Amino acid sequence: MSSDVEPFLPLRPVEFHVLLSLVNEERHGYGIMQDAEARTGSAVIPDVATLYRALHRMSEAGLIEPADRKEGRRSYYRITALGRRVARAEASRLDALLAAARSGGLL
Amino acid sequence: MNDSRAVRWGWVVYRRLLAPLQPGALRTRYGEAMDAAFREHLVDAVARRGWIGWTAVMIRTARGALGARFDGTTARRSGGPRTGGGGVDATSEVRQAVRRLGRSPGFTVVAVATLALGVGAFASVFGVASGILVAPLPYDEPHELVWLWRDYWGDFPRGWLSGADIVRLRNETEAFDDVAAFRTARVTLTDQDGSAPREVGAVLGSPGFVELLGVRPERGPGFSPVDFPPDAPDEVLVSHALWEAAFGADPDLVGRDVQVNGTPYRVVGVLPDQMDFQVHSSLGSPRGGDLWFVLDVDLTTANVYSGQYAGLARIADGVGRPEADAALARVSDAVDGEHFQSRGLRIWPVDLKDDLVAEARAPLGALVGAAALLLLILGANLATLFLTRTEDRLRETSLRSALGAGRRALVLTALLEPALVALAGLAGGLLVAAWATPVLARMGRGVLPRTAELGFDPRVVAGAGLAALLVAALAATGPLFRGLTADPGRGLGEGGRSGSSRGAVRTRSALVATQMALALALVVGAGLLTRSLQELLVQDPGFDPGSALTFRVSFRGPGYAEDGTVVAAQEAVRQALTGVPGVVSAGHVGSLPLSQETDQWGVRFPGAPGNTGDPEVDGELADVFNVSPGYLETAGFRFLEGRAPRPSGPDAVGPYEVVIDDVFARRFFPDGGALGALMTADTDTATIVGVVDQARLYAVEHDDRGQAYIPSDVDPRSSVSFVVLPNRGVTPDDLAGSLRAAVHAFDASLPVDDIRPLGADVGSALAPDRLNLGLAATFALAALILAGLGIYGVVAGAVTRRRREIGVRMAMGADARQVVAMILGRSARLTLAGTLGGLLLAAALGRWLSSLLFGVTPFDPVTWGLATLTLGLFALAASWLPAHRATRIAPREALQRE
């Protein structure tokens, strides 16, 4: 695990979902909400306020950045190289945890 | 469900409530994008799952906006401490307050729910009242518009103008941009083939009146310019409501022809939704119309003595109201001097809105006042509840003050819980108001003006915000007072004992006494309205409608152009109705009792002993009714002497027969002898053949102008109300079909209105009084319950606090009765204080109510006594429970627990 992603872990679920949604394409705020909903069912989709606070934090931290694309009042975001690494690191961290849970007979 | 409305409400809540909760920096940078995303989210959710989706989105967004995180993981997330040590940190304080409230879900739910109901009730009442009284009318520059009325020297408010007055006002002054003449009417609307007849209200205005109002049709071009082209078809504008109800919102209606009174009219536009233009009839309630026509009358040839129109003027730009009034007065004086021998005829202006809402002002003001009183009680109630909580927490807070958190922290903590509860109550209140406002508007339909414009709008939201703020401020006073006066040093010791400090007890008692005072004022108000309605209900409307039924039929169109045909047709229908099985008798009249409108004639009774000899005093205005044979008997008129008038016949010359009412009889024939005497009107002469009790025309509660009943064939009306008396045991439902069939057997194109009991008109004349009473009684009941809860809390608290003392007393041999007396004595003192305050308040507020009361003064001793008794009983019941519990305190246990 590279040292530059360490300070970001563990990610908040909302942050992880934002990164997941941006891995393959640029999306706008509501697009991210829709994508998270499609991926997980309605249980964990973030609300507007939480989402934008996360987008703000993550832009400041350099995990995502505004894309050039804009549609009316919607701004699009894309994932940065750092964001990609952080997402991957978080996924392997979770994976390791799950593996531990399985070997412990929890799952 | 109405999707767009749900989205609109959600949007309002989000914009006014949730969005402003976001940190400023976030709003500045992402505000627009967040708004757009929220909107899409809401629209999607509503489209997919309706109200469930709506609620889910609103709750989720509210939670996010309040700072609750995506899920619980962040609370344990790494990172330094957020707070700067033991000082005041807003975020963590809020979180703690939320947690504290969450730990007592019962308290929180009850507090939020009562607050939501109170805020919702106030918000909808406030929204409705301000929507009616304050909101500008939906016309162009409505403040420039004034109604013009012409008052004669007598008691005749809102008299009609003559067409000649309108012409003079146009020509002789520059103060007005334009002056238009208005009239309302009832017309028969049918499909093009004459089928599906329906009776519709109409507004008729002189050319240019739509431009004068500044109303633009929602669809269609509107009326063509005057006289262009000269042989163009007659034109009509259709209201939005009628467009939907009668034409199925047909988008192609504009440009088609409809039949009105048998004549084709070209539809040239549909009026905007909620365009509820209403014209006062000269004495009755304001009426609107679903069809707008241009008056096809040459006003320049109008008879100056005949009042026929309401005048509407637009004050010219740059002309002040005083100048306009002065210009009007000049014309008014000229008309009075030239045509009325300067007897005091007066043309006067009144602001459009003031005129429309004049009668609604007092009841709506009282309603808002009642809702505000209820809010005050709610605030005092919450204040006592929060005071108790503060007491309970005193140990915690004093510990903190001992640690140096200081007064500021105490105060902040004391304020946060009421603030949070108020916020939740506001959200709930908005939902309540969103439901209650349309309900209230529907209840007000037909009773209050402008109900079509009402809805869940920013005014309601403002009312809710105002209410929540007020209640939160009040609720915070209890704990705030406690927080400020708490002695940090003594706090620990005090909190160590069970129960409350002396200061808190005093505060709480004062709050409860206040609640009782406010509640008593509300109960007195509701009681007065009840007594007033009782008085009205036993008022004699002057006739006995019994089980008689009534419905209106209009004889218009090409087949009924001649008076003779109309008279014959109406008589034929009356005969047909009399022949319907189950019908005892039938008759018809131009205007029913309590309908508030009929013609007025100037009449004299030459030679009658009641005349003074002064021709000006002896000429009287009479309300004139055109009655068929059988009408007076069928409708339950009471004959004092004589009989009903007989038709005068087609070729009659000389006097016809007339019946007068007791008002004229008393005035002109104080010693009897009216029968056989003459009544003259203009060039007509009639012989009095009967005297009846006056059947009230305007309101059940007062005598009006004298009345005269003339045979219907003397002055035939195209539209008449039939009245039929069914056999005993025959219900309206049994008869409605056969009555309709009897009319349509004569002519299938005749529109037959709803068939209803004649007695229902007496009931609906009291509808405003019932509405006032219903709302006031609801508020009063809520106030009683809240005050009862308040006194229960205080007494129960006292029992807990004095548990040890009670135990000692009982150990010393006090019996249950003495204990109960001791506890009740306390509540009696509170009740007494509350009662005195309440009576003072009721006395102060009573004079506002007096305009709503009939037959009872605001200081009615019976009402005051009963209200005081009710409050006393409530207080007794609320304190009996804890008092009873006190008697079961086991002395040993009480002593040991300390």
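Residues numbered from 1 in each chain as written. Chains lettered and ligands numbered in written order. Predicted model: local features only at pLDDT ≥ 70, side-chain atom pairs only at ≥ 80, totals over all residues. Heavy atoms only, no water.

## A word on the overall build of chain A
The condition that has to hold: Strands here mean DSSP runs of E at least two residues long; helices mean DSSP runs of H or I at least four residues long; both are numbered from the N terminus. With a 1.4 Å probe rolled over the protein chains alone, any residue whose accessible area is under 20% of its type maximum counts as buried; one over 50% counts as exposed, and the rest are partly exposed. Every residue pair with non-hydrogen atoms within 4.5 Å of one another is taken to be in contact. With residues, only the protein chains shown are counted as cover, and all accessible areas are computed by Shrake-Rupley using a 1.4 Å probe.
In terms of regular secondary structure, chain A is built from 4 helices and 3 strands. When the helices and strands of chain A are placed in sequence order, the string is α-β-α-α-β-β-α. Per-residue burial for chain A yields a buried fraction of 46% across its 107 residues. The contacts in chain A between residues at least 6 apart in sequence include a share of 52% that link residues at least 24 apart. In the form shown here, chain A has an accessible surface area of approximately 5,300 Å², with 54% of it arising from carbon and sulfur atoms.

## Details of empty space enclosed by the protein
Residues and elements named next belong to chain B. Put simply, the rule reads: With a 1 Å grid laid over protein atoms only, a set of points is called a cavity when a 1.4 Å probe fits there but cannot get out and a pocket when it is open yet has protein on both sides within 12 Å along at least five of seven lines; lining residues have an atom within 4 Å of a point. Grid points are joined across faces, edges and corners, and a volume is the space filled by probe spheres set on the points. Under the scheme applied here, ten amino acids are nonpolar (Ala, Val, Leu, Ile, Met, Phe, Trp, Tyr, Cys and Pro), four are charged (Asp, Glu, Lys and Arg), and all others, including Gly, are polar.
In the structure shown here, the tally under the stated rule is 7 cavities of 30 Å³ or more. Roughly 70 Å³ of volume is contained in the second largest cavity. Val-128, Pro-363, Leu-364, Leu-367, Leu-440, Leu-448, Leu-771, Asn-772 and Leu-775 are the residues that line the second largest cavity. Of all the elements in the fold, those that place two or more residues in the lining of the second largest cavity are helix 10 (361-392) and helix 22 (767-801). Split by residue class, the lining of the second largest cavity holds 8 nonpolar, 1 polar and no charged.

## A closer look at the packing of helix 1 (residues 13-22) of chain A against helix 2 (residues 29-40) of chain A
Two measures define how a pair of helices packs: the angle their axes make with one another and the distance between the axes. Residue and element names in this part refer to chain A. This is how the line gets drawn: Orientation is described by lines fitted to C-alpha atoms, with helices fitted over the stretch in contact, and by angles between N-to-C directions that extend from 0 to 180 degrees. Working definition: roughly parallel below 35 degrees, roughly antiparallel above 145 degrees, roughly perpendicular at 65 to 115 degrees, and oblique for all remaining angles.
Here helix 1 crosses helix 2 at 95 degrees, and the two axes come no closer than 9 Å. As the angle between them shows, helix 1 and helix 2 are arranged roughly perpendicular. Listed contacts from helix 2 to His-17, Val-18, Leu-20, Ser-21 and Leu-22 of helix 1 are Ile-32, Asp-35, Ala-36, Arg-39 and Thr-40. Of the residues that constitute the contact of helix 1 with helix 2, the class distribution is 5 nonpolar, 3 polar and 2 charged.

## So, unusual backbone geometry
For the peptide bond that leads from Leu-9 of chain A to Pro-10 of chain A, omega is -10 degrees, which places it in the cis range. Among the structural elements, Pro-10 of chain A can be located in the segment before helix 1. Phi is positive for Glu-141 of chain B, close to 45 degrees, though the residue is something other than glycine. Tracing the backbone shows Glu-141 of chain B in the loop between helix 4 (105-133) and strand 1 (145-151). Overall, the relative accessible area of 39% leaves Glu-141 of chain B in the partly exposed class. The phi dihedral of Ala-249 of chain B is positive, around 55 degrees, even though this residue is not glycine. Structurally, Ala-249 of chain B can be placed in the loop between helix 7 (240-247) and strand 5 (257-260).

## Details of the pattern of salt bridges
The criterion, for reference: Within this document, salt bridges are pairs made up of a side-chain nitrogen of Lys or Arg and a carboxyl oxygen of Asp or Glu, the two lying within 4 Å of each other.
One pass over the structure, following the stated rule, counts 33 salt bridges over all chains. Ionic pairing is found between Asp-250 of chain B and Arg-256 of chain B, a salt bridge with its closest N-O pair at 2.7 Å. What makes Asp-250 of chain B buried here is its relative accessible area of 19%. When the shortest N-O distance is used, the salt bridge between Arg-638 of chain B and Asp-540 of chain B registers 2.4 Å. With Arg-638 of chain B in the loop between helix 18 (631-634) and strand 16 (639-642) and Asp-540 of chain B in the loop between helix 15 (502-537) and strand 12 (549-554), this residue pair connects regions lying 98 residues apart in the sequence. Take Arg-638 of chain B: its relative accessible area is 23%, and that puts it in the partly exposed class. When salt bridges with common partners are traced through the structure, they connect Glu-25, Arg-27, Asp-35 and Arg-39 of chain A into a single cluster.

## Examining the sheet that holds strand 3 (residues 74-79) of chain A
Residues and elements named next belong to chain A. Note the threshold: A pair of strands is considered paired only if DSSP assigns at least 2 bridges between the two.
Read from one edge of the open sheet, 3 strands run 1-3-2, paired in antiparallel fashion. Strand pairing shows two members of the sheet lacking a second neighbour, strand 1 (27-28) and strand 2 (64-71), which therefore form its edges. Inspection of the sheet shows strand 2 paired to strand 3 by 5 bridges, in the antiparallel sense. Residue pairing for strand 3: Ile-64 is matched across the bridge by Ile-79.

## Let's talk about the side chain of Ser-591 of chain B
Residues and elements named next belong to chain B. The topology assignment puts Ser-591 in the loop between strand 13 (583-589) and strand 14 (599-604). A relative accessible area of 13% means that Ser-591 is categorised as buried. With near-sequence residues (within four places) excluded, Ser-591 lies in contact with Glu-597, Thr-598, Phe-625 and Tyr-631.

## Details of the confidence of the model for chain B
Residue and element names in this part refer to chain B. Threshold: pLDDT: the predictor's confidence for each residue, scored from 0 to 100.
Looking at chain B, pLDDT values average 82 and 88% of them are 70 or higher. When mean pLDDT is compared element by element in chain B, helix 18 scores highest at 95, while helix 14 (residues 488-496) scores lowest at 43. In this model residues 488-499 is a low-confidence stretch, pLDDT under 50, and it forms 15 contacts with partners more than four residues away in sequence or in other chains.

## What to know about a nonpolar patch on the surface
Residues and elements named next belong to chain B. Rule in force here: The patch calculation keeps residues exceeding 30% relative accessible area without a salt bridge and links them within 9 Å when they carry like charges or within 5 Å when they are nonpolar (Val, Leu, Ile, Met, Phe, Trp, Tyr).
Together, Val-862, Leu-866, Leu-869, Leu-873 and Leu-876 give the surface a local cluster of nonpolar side chains, amounting to about 470 Å² of exposed area. Assignment of secondary structure puts Leu-869 in helix 25 (residues 861-886). Residue classification places Leu-869 among the exposed residues on the basis of a relative accessible area of 52%.

## Overview of helix 16 (residues 563-578) of chain B
Residue and element names in this part refer to chain B. To keep things clear, this is the line we draw: Helix span is expected to be 1.5 Å times the residue number reduced by one. Throughout, the arc means that of the directions going from the helix axis to the C-beta atoms.
Over its 16 residues, helix 16 extends 23 Å from the first C-alpha to the last, a length consistent with the 22 Å expected when each residue adds 1.5 Å. The complete set of buried residues in helix 16 reads Val-566, Ala-569, Gln-570, Val-573, Arg-574 and Leu-577. Angular distribution of buried residues about the axis of helix 16 spans 135 degrees; they occupy a single face of the element. The secondary structure elements touched by the buried residues of helix 16 are strand 12, strand 13, strand 21 (719-726) and helix 20 (732-746).

## Looking at the side chain of Gln-694 of chain B
All names here are of chain B. Rules: Whenever two N or O atoms come within 3.5 Å, that pair is a polar contact, provided that in protein one can donate a hydrogen and the other can accept it, and provided that, for residues adjacent in sequence, both atoms are side-chain atoms.
For Gln-694, the position within the fold is in the loop between strand 19 (684-692) and strand 20 (707-711). In this structure Gln-694 comes out as buried when scored by relative accessible area, which is 1%. Polar contacts involving the side chain of Gln-694 include one to the main-chain carbonyl oxygen of Arg-705, which spans 2.7 Å.

## Digging into the environment of Gly-729 of chain B
Tracing the backbone shows Gly-729 of chain B in the loop between strand 21 and helix 20. A relative accessible area of 73% means that Gly-729 of chain B is categorised as exposed.

## Focus: the packing of aromatic side chains
Residue and element names in this part refer to chain B. How we decide: In this scheme Phe, Tyr and Trp rings, the latter by its six-membered ring, pair at centre separations within 6.5 Å, and the angle between planes marks the pair as stacked below 30 degrees, edge-to-face above 60, and tilted otherwise. Charge-over-ring placement is defined geometrically: NZ (Lys) or CZ (Arg) within 6 Å of the ring centre, and within 35 degrees of the ring normal.
Summed over the entire model, instances satisfying the criterion amount to 27 aromatic pairs over all chains. Put simply, the rings of Trp-147, Trp-149, Trp-160, Phe-182, Phe-209, Phe-223 and Trp-292 touch in pairs and so form one group of aromatic residues. In this arrangement the basic side chain of Arg-39 is found over the ring face of Trp-11, its NZ or CZ atom lying 4.8 Å from the centre.

## A short note on the pairing of strand 14 of chain B
Along a regular strand, successive side chains alternate from one face of the sheet to the other. Bridge count for strand 14 of chain B against strand 15 (residues 620-627) of chain B is 5 bridges, and the pairing is antiparallel. In the sheet register, Asp-599 of chain B faces strand 15 of chain B, and the bridge partner there is Val-624 of chain B.

## Observations concerning the nonpolar core
Defined as follows: We define the nonpolar core as a collection of buried residues of types Ala, Val, Leu, Ile, Met, Phe, Trp, Tyr and Cys that are connected through side-chain atoms lying within 4.5 Å of one another.
Counting residues in hydrophobic clusters, the biggest one holds 198 residues, and the most contacted among them are Tyr-52 of chain A together with Trp-147, Phe-182 and Trp-292 of chain B. At 15 residues, helix 15 of chain B tops the list of elements feeding residues into this core. When near neighbours in sequence (up to four residues on either side) are disregarded, Phe-182 of chain B contacts Trp-147, Val-203, Leu-204, Gly-205, Phe-209, Phe-277, Val-279, Gln-308, Tyr-309, Ala-310 and Leu-312 of chain B. Core analysis: the second largest hydrophobic core is formed by 44 residues, Leu-169, Val-260, Val-270 and Tyr-309 of chain B among them.

## Let's talk about the packing of helix 1 of chain A against helix 3 (residues 48-61) of chain A
Residue and element names in this part refer to chain A. One can describe the packing of helix 1 onto helix 3 by two numbers: an axis separation of 10 Å at closest approach and a directional angle of 75 degrees. By the angle between their axes, helix 1 is roughly perpendicular relative to helix 3. Across the interface between the two elements, Val-14, Glu-15, Val-18 and Leu-19 from helix 1 touch Thr-50, Leu-51, Ala-54, Leu-55, Arg-57 and Met-58 from helix 3.

## Considerations on helix 4 (residues 81-103) of chain A
Residue and element names in this part refer to chain A. An ideal rise of 1.5 Å per residue puts 33 Å on 23 residues; helix 4 measures up with 33 Å between its terminal C-alpha atoms. All of the buried residues in helix 4 are Leu-82, Gly-83, Val-86, Ala-87, Ala-89, Glu-90 and Ala-101. Contacts made by the buried residues of helix 4 are with helix 1, helix 3 and strand 3. Trailing helix 4 by a residue or two, Gly-105 shows a phi angle of about 80 degrees, which is positive.

## Comments concerning the pairing of strand 5 of chain B
Residue and element names in this part refer to chain B. As judged from the 2 bridges shared by strand 2 (residues 176-190) and strand 5, these two strands associate in the antiparallel manner. Looking at strand 5, one finds that Thr-190 is bridged to Gln-259. Here 4 bridges tie strand 5 to strand 6 (residues 263-270), and the two strands are oriented antiparallel to one another. Opposite Asp-257, over in strand 6, you have Arg-266 as the bridge partner.

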